[in-house]
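What follows is the residue order along each chain.
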Amino acid sequence: MRVPLSWLRDYVDIQQTPEQLAERLTLLGMEVQGLEQWGADWRSVVVGELLTVEKHPRADRLHLTTVNIGSGEPLHIVCGANNIAPGQRVPVALPGAVLPGDRRIERTEKMGIASEGMLCSGDELHITSDAEGILILPPETTLGVQLSDLYGDVVLDVDVKPNRGDALCLIGLAREVAAATGATVRWPDIAVREGDDPVSAHLRVEVREPELCTRFVGRWISGVKIGPSPDRIQMRLQAAGMRPVSNVVDASNYVMLELGKPTHTFNGAAVRDGTIIVRRATPGESLETLDHVQRELTPDTLIIADPHGPIGIAGVMGGADSEIADDTTDIAIESAIFDPVSIRRTGHRYALRSEASLRFEKGQEFQLARIAADRVAQLTLAWSGGVCARGRIDTAPDEPAAARLAFRPARVRKLSGAEVSAPEQRDLLRRVGVETEENGASVQIQVAVAPQPLRVDAGEEEVLVAVVPTWRRDLAIEADVAEEVARVRGYETTPAHLPDTLMPAYRPSPLAVRNMLRSTLAGAGLSEVVTHALVAPESEPRLRWPSDDDLTGVETPESGSLITVTNPLSSQHSVMRRHLAASLIDVLALNERQGRGDVAIFEVGKGYGRVDGRSREWTRLGILLSGNAQPPSWNRADRQYDLDDAKGIVELLAKRLGLPAPVYRADDRGFPFHPGRALVATSIADHEAVVGRVAELHPDVLEQRDLRSQRVIVAELAIRGLDAGVPARVHVEPIPRFPEVERDLAVVVGEAVDAATVSATISRNAGELLRGLRLFDLYRGAPLAASEKSLAYRLVFGARARTLTEAEVDEAVARVQAGLKSELGANLRS
Amino acid sequence: MDFETLSGDLHRLRDRALEEIATSSDPAALEALQIQYLGKKGDLTAVLRGIGALPPEDRPRVGAVANEVGEAVKAALATRGAELHGQVQARRLASEAVDVTLPGRTVGRGTLHPIPETVEAIAEVFGQFGFVVYEGPEVEDDLTNFQMLNIAPDHPARDLWDTLYVDIPGYLLRTHTSPGQIRVMQSTRPPIRALLPGRCFRYEAVDASHGFEFFQVEGLMVDEGTSMADLKGLLDEFAHALFGPRKTRFRPGYYPFTEPSVAFDVQCVVCGGAGCPACSRTGWMTILGAGMVHPVVLQYGGIDPEKYQGFAFGMGVERIANLRHAVPDLRYYLENDLRFLEQFR
């Protein structure tokens, strides 16, 4: 809320500088988010006196003026306004002046006659809304002074929290200033000079929904003359961020800013039969609102109607037909209390949130309906003339007494951790208008209210009873009192110490495995990315990343369906992703556009899906490699990433998790994979597992995404423990005390036999003496047949408790050889 | 053959050997000289073959001379060998000289993303004070995200959390990590010290300081006497750990799920408190919101507010990372331009 300091001073004395005041309010919970120098953009605008006003010889609508600005020669200024006359005091923008909107004023020539500046309208200065005439200043205004010295102000931008609707007004903030400084709040004198005929002669009010409109106060004024408000009022409204409209409308807005109570004034002639009905809309009804939009009204909308139809949406916006117009003479003032929830829903339904509805939503002090009706009437009479009918319409004149809230001073101390005695608590509360009473009898303490109410018996504990001012609708439970005490005393006085209570039991961090793998991957040269969980709906269908159905060994979500956002911000981010691959490809695309084709990235991220009508989330590791594995360098040949790099990373991860080397199974499905360069990797042990896909993308994917890269390798791995797990412990094998024996075998097999099958066959046949098996060469060419390849393995044999004999090793190798021959038709090459 | 002749031969042999050794130019030639003079079939042996012709009394004398000659040749060989080895090594080393100012061979150019790294930094600090990490679902139910946190369906404060809803009835994308408070309280008993990092979502247009996806870290501590003083003490430690020694400020805030509520500021990390555009000229930057857990929330968590009380706090990870690393634009984080990411080495 924008608070002009000069206006705030009407209600409370302020000794502090604006900066000091801002800090005090902030520390009290009314955060001042900005201090604006109002008028700072009127540079070189001074007060002048019109000496002469004559017709321009060559243009009917222009005048030639001479202006005395208090010193030097009078200025000759050409002016187009019609409301000027000699003797008036007016704002003069001198050559070099800069007006709001960065408008520069220079010496100019208008129709052949030089103009040494400009006379300003209120609109040009953003002081009033009058763009037609020059702003006429009071005759006693001193000549020559800067306008900013006269009307400049400081405007505080106060962030009033949603629970403090009572402070969304000058009186409310004046109360806070008073609490902070010890000053006293001055209310304006509110008194209405009434005529003789009773209000009932003009206006009847029928509330058909007393639940939604708990009070309606009406007043009637006849014979008003519509025109602009006094300049001073317009300036205040402008500074507070509200555009002046007319004297009657401004009175309503002024009272809303002053007291926090929205009211509405109807053109009395448009209230047919002089009868206002507060009811729900009926099906088929519609209304053109003040913003000239025709709105179909839904039956749960609370409306203001006359016997012939709607004239306003209650608490949100009036109707265009009953708007105050230039020829309006009679007005009906509505000052009502509406149900906050109803107003909020209505505002949302019609996408109409006004300054009024924002205040209604937060709840309103019941008394204010009466007070504001009187205040609007008083100001309307002062600014628009007319006669106010005698008395008010009031559908609920009985005003509730202050609520009483019992609290335990000891509990207030316990929550804040500060030693604040009961008498001190009472003094602090008094500063925000909360009186306290001692309580004789035992009393119930309201610990919590809906939706989980709790009342407890205070027992023997000391209890005080707070008398809650009617405007403080936010004080409902004991903890609210604790906050109020702490707030007024100043949070800065809360002591600070480290907890000295019991520690919780040990719990392993769910981030442990994740962090271990993240640092491993970064160490291996990959950069971590974090991408959006919300993706475009076409993202997954376009990539056609396979479902997890054929993955075994880790918990994989049964192919759940996509979760869709029902109110997305953009179609590019409207579904929850199930896989990471598309997001990683997006990152590659972005970096390629920046001229960066060498990309090695990983993400530990979630997939989301709907399984059996419920949402499920799972954590995956995604990897993407593209471009150079080693950048061109003077001391090393460059090399492109390929599938083996990704497999090497999977093997590293398996090792890091204490798992056996992964087993690879070809996946020749084709799109989105290269049909000959895709696989499923599986590595499983008792408690750990890594399972997932590793593949080079199909060239069609690269083309579809306009990627420059020739080869892009992508992997998505499910890793047990990525959600929450403990890194596996290392179990040390004793260092072999007896020598190991190495044998090399070159196995010649047909191209159709894959390496995983060969090594599995070797392991299976070698027996328990085989300690290690490593492929060290792959050969094709003469003297092998074209359909053959040779795989060279180094086998390491050993036994824990003895030295092997040559014969034992020979026997094992012979078994391997026989197995390879019989199972795979393989020959050994020497 | 007599002693004089033989010893003369030996001395000549010595002189010749020493000269040849001294002038030998490489280890192979030296090796050949060793064989030539000292080998089993070498010159020394050949000379000594004549010893048998000497009278027995001269033989020891010749033996002594032969020893002397042999030792002299051996010593010369060793000396020259060392010299030649030194020369060879010096030549090799000279030939192997490189321009040591050339850059090295690059290793390990991977980097870690600032969001999880900042979460780690936060978890590390609170971990020292016994806070353990929990995680909750991102697709959250409406009740836990709002009502159990004391945010009624038509509460005006709902405007603080513009929500993205999903096509599963009753579910939404969590707007904050605070529903994790409920889940922790429901699953464990006091004493509770929990930290809940995670991704959150809001219906919010993207600009330099807003995004519809962002990360938060929630903290929760509940015990019999946990007070605002404990909160203040911990937050001070946290601010000092992450931002160095600087002033902090504890002031009233507002959240429906805490009462009293707190806003926590640190002295501006840009201007140090003098006032600058980054801190709206206040000299302070708000880094998190906090407060004493509301009795309604405690009850939804299954905890008796008459017996236990506690505090909660929540902070934006991007906000903390921005301040720590001077990141100018929130969009950097999820865009993943490597020119940004690779600065985090």
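Undergrad: So what about the pattern of salt bridges? Which residues, and what values?
TA: Note that side chains of opposite charge can pair when their charged atoms are close. All names here are of chain B. Inspection of the entire model under this criterion finds 88 salt bridges over all chains. Here R61 ties to D58 by a salt bridge, and the two come within 3.3 Å at their closest N and O atoms. Look at D58 and you get buried, because its relative accessible area is 12%. One salt bridge connects R331 with D329, and the closest N-O pair in it is separated by 2.9 Å. Assessed through its relative accessible area of 14%, D329 is described here as buried.

Undergrad: Tell me about empty space enclosed by the protein, residues and numbers included.
TA: The final tally for this structure, using the stated rule, is 5 cavities of 30 Å³ or more. Of the volumes computed, that of the largest cavity is approximately 140 Å³. What lines the largest cavity is a set of 13 residues, among which R411(A), L415(A), A479(A), P295(B) and P305(B) lie closest to the centre. For the lining of the largest cavity, the elements supplying multiple residues, two or more each, are α10 (409-416) and α12 (478-489) of chain A together with α9 (295-300) of chain B. Looking at the lining of the largest cavity residue by residue, the classes come out as 8 nonpolar, 1 polar and 4 charged. Taken as a whole, the second largest cavity holds about 120 Å³ of empty space. Along the walls of the second largest cavity sit 14 residues, with N163(A), R164(A), E483(A), R487(A) and G253(B) positioned nearest its centre. Looking at the lining of the second largest cavity, the element that brings in the most residues is α12(A), giving 3 residues.

Undergrad: Before we move on, could you go through the interface of chain B and chain A and cite the residues and values that matter?
TA: Every contact between the two is made by 94 residues of chain B and, on the other side, 106 residues of chain A. When chain B packs against chain A, close to 8,500 Å² is buried across both sides, 57% of that on carbon and sulfur atoms. Between D154(B) and R345(A) there is a salt bridge; the shortest N-O distance is 2.5 Å. The interface formed by chain B and chain A holds 49 residue pairs in polar contact (both at pLDDT 80 or more) in total. In terms of residue count, helix α8 (residues 228-243) of chain B provides more of the side of chain B that touches chain A than any other element does, 8 residues in total.

Undergrad: So what about the sheet that holds strand β16 (residues 275-280) of chain A? Which residues, and what values?
TA: Residues and elements named next belong to chain A. The strand order across the open sheet formed by 5 strands is β13-β16-β19-β20-β21, and the pairing between neighbours is mixed. Sheet topology places β13 (204-207) and β21 (317-318) at the edges, where each strand pairs with a single neighbour. Bridging between strand β20 (residues 309-313) and β21 involves 2 bridges; their strand directions are antiparallel. Looking at the pairing, G312 lines up with G318 of β21.

Undergrad: I'd love a proper account of the environment of Y254(B), names of residues and values included.
TA: Within the fold, Y254(B) resides in the loop between β6 (248-252) and β7 (258-267). Residue Y254(B) is classed as buried on the basis of its relative accessible area, which comes to 9%. Counting along the chain gives 34 residues from Y254(B) to L220(B), while the straight-line C-alpha distance between them is 17 Å. Beyond its immediate sequence surroundings of up to four residues, Y254(B) is in contact with K161(A), P162(A), N163(A), H155(B), A157(B) and S261(B). For Y254(B), the side chain forms a polar contact with the side chain of H155(B), separated by 3.5 Å.

Undergrad: Can you explain the packing of aromatic side chains? Please cite residues and give values.
TA: In this description, an aromatic ring pair is defined by two values, namely the gap between the centres and the angle between the planes. Scanning the model with the defined rule gives 15 aromatic pairs over all chains in all. Here the aromatic rings of W545(A) and F673(A) are separated by 5.2 Å at their centres, their planes lie at 85°, and the arrangement is edge-to-face. Here the residue W545(A) occupies a position in the loop between α14 (539-543) and β32 (575-576), and F673(A) occupies one in strand β38 (residues 673-684), the gap between them amounting to 128 residues. Between the aromatic rings of Y333(B) and F340(B), the centroid separation amounts to 5.7 Å while the plane-to-plane angle is 80°, which identifies the pairing as edge-to-face.

Undergrad: Let's hear about unusual backbone geometry: which residues, and what values?
TA: A cis amide bond, omega 5°, links F671(A) with the succeeding residue P672(A). With an omega of -5°, the peptide bond running from E259(B) to P260(B) counts as cis. Mapping P260(B) onto the fold places it in strand β7. Phi angles above zero are rare outside glycine, and D102(A) is one such case at about 60°. You can call D102(A) exposed: its relative accessible area is 53%. Of note in the backbone geometry, R544(A) takes a positive phi value of approximately 55° without being a glycine.

Scoring rules and cut-offs
Numbering of residues begins from 1 in every chain and follows the order in which that chain's sequence is written. Chain labels run from A onward and ligand labels from 1 onward, assigned in the order the entries are written. Confidence filtering applies because this is a predicted model: local features only for residues at pLDDT of at least 70, side-chain atom pairs given and counted only at 80 or more, and all residues used for totals across whole chains, interfaces and linings. Processing note: side-chain calculations cover all non-hydrogen atoms of the structure and skip hydrogens and water entirely. Take a side-chain nitrogen of Lys or Arg and a carboxyl oxygen of Asp or Glu: if they are within 4 Å of each other, that pair is a salt bridge. Classification of residues uses two cut-offs on accessible area relative to the type maximum, computed with a 1.4 Å probe and protein chains only: under 20% is buried, over 50% is exposed, and between them is partly exposed. Think of a 1 Å grid over the protein atoms and nothing else: a 1.4 Å probe that fits but is trapped marks a cavity, an open set flanked by protein within 12 Å on at least five of seven lines marks a pocket, and residues with an atom within 4 Å of a point count as lining. Grid points are joined across faces, edges and corners, and a volume is the space filled by probe spheres set on the points. Secondary structure elements follow DSSP: runs of H or I of four or more residues count as helices, runs of E of two or more count as strands, with numbering from the N terminus. We call Asp, Glu, Lys and Arg charged. Ala, Val, Leu, Ile, Met, Phe, Trp, Tyr, Cys and Pro are nonpolar, and the rest, Gly among them, are polar. Two residues form a contact once any of their heavy atoms are found within 4.5 Å. The buried area of a pairing is the accessible area, by a 1.4 Å probe, that goes missing from both parts when the two are put together, added over both. In the analysis that follows, any N or O atom pair within 3.5 Å is treated as a polar contact, provided that within protein one partner can donate a hydrogen and the other can accept it, and provided that, for residues neighboring in sequence, both atoms belong to side chains. Strands qualify as paired when DSSP identifies two bridges or more between them. The aromatic pairing rule takes the rings of Phe, Tyr and Trp, using the six-membered ring of Trp, and pairs them if the centres are within 6.5 Å, calling planes under 30 degrees apart stacked, those over 60 edge-to-face and the rest tilted.

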